[in-house]
Amino acid sequence: MAAAPAVPARVDPALFAAYVTHLPIGARVRVALAGGDTISGTLMKADAGGIVVQPRTRIPEPPMALAADRIARVELDTAGPNLAKTVGIGIASGAGGVFAAFLIIAAIFAGD
């Protein structure tokens, strides 16, 4: 059984402020707290004192203000669209278009 990676208990305040103030507001972020919990959501505000994150949950929750001393790590959540799903949608659309073209051609020649 592999041990969980160690999460630093404290982030350098100047380094934290420099990083979070350059993150784009509205970006999806994943925040690791000093206690080991993680929060995924949308960044609403960032300054040297901390950040405000709107959690991404099924049931709407109010934005969470997280003080800099509670945060171990902040990273952009870059989960993009699923490639297999995108390819499947493209194939299905193409097949539907070809089938529709065959039906139109069949209707044209059936009218004679």
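Residues numbered from 1 in each chain as written. Predicted model: local features only at pLDDT ≥ 70, side-chain atom pairs only at ≥ 80, totals over all residues. Heavy atoms only, no water.

### Regarding the pattern of salt bridges
Logical step 1: Considering all chains together, one arrives at five salt bridges under this definition.
Logical step 2: Residue Arg30 pairs with Glu75 through a salt bridge whose shortest N-O separation is 3.1 Å. Of this pair, Arg30 sits in strand β1 (residues 28–33) while Glu75 is found in strand β5 (residues 71–76), placing the two residues 45 residues apart along the sequence.
Logical step 3: A relative accessible area of 31% places Arg30 in the partly exposed class.
Logical step 4: Residue classification places Glu75 among the partly exposed positions, given a relative accessible area of 29%.
Logical step 5: In this structure, Asp77 and Arg30 form a salt bridge, with 2.8 Å as the shortest nitrogen-oxygen distance. Taken together, the residues span a long stretch of sequence, with Asp77 in the loop between β5 and α2 (83–110) and Arg30 in strand β1 at a distance of 47 residues.
Logical step 6: Look at the salt bridges and you will find they share partners, linking Arg30, Arg56, Arg73, Glu75 and Asp77 into a network. (Salt bridge = Lys/Arg side-chain N within 4 Å of Asp/Glu carboxyl O. Helix = DSSP H or I, 4+ residues; strand = E, 2+ residues; numbered from the N terminus. Buried < 20%, exposed > 50% of the residue type's maximum accessible area, 1.4 Å probe, protein only.)

### Description of the nonpolar core
Logical step 1: Counting 15 residues, the largest nonpolar core has Val31, Ile51, Leu66, Ile71 and Val74 as its most contacted members.
Logical step 2: Contributing elements (two or more residues each) for this core: α1 (13–20), β1, β2 (38–47), β3 (50–55) and β5.
Logical step 3: Dropping the residues within four chain positions of it, Leu66 is found in contact with Val31, Leu33, Ile39, Gly49, Gly50, Ile51, Val53 and Ile71. (Core = buried A, V, L, I, M, F, W, Y, C linked by side-chain atoms within 4.5 Å. Contact = heavy atoms within 4.5 Å.)

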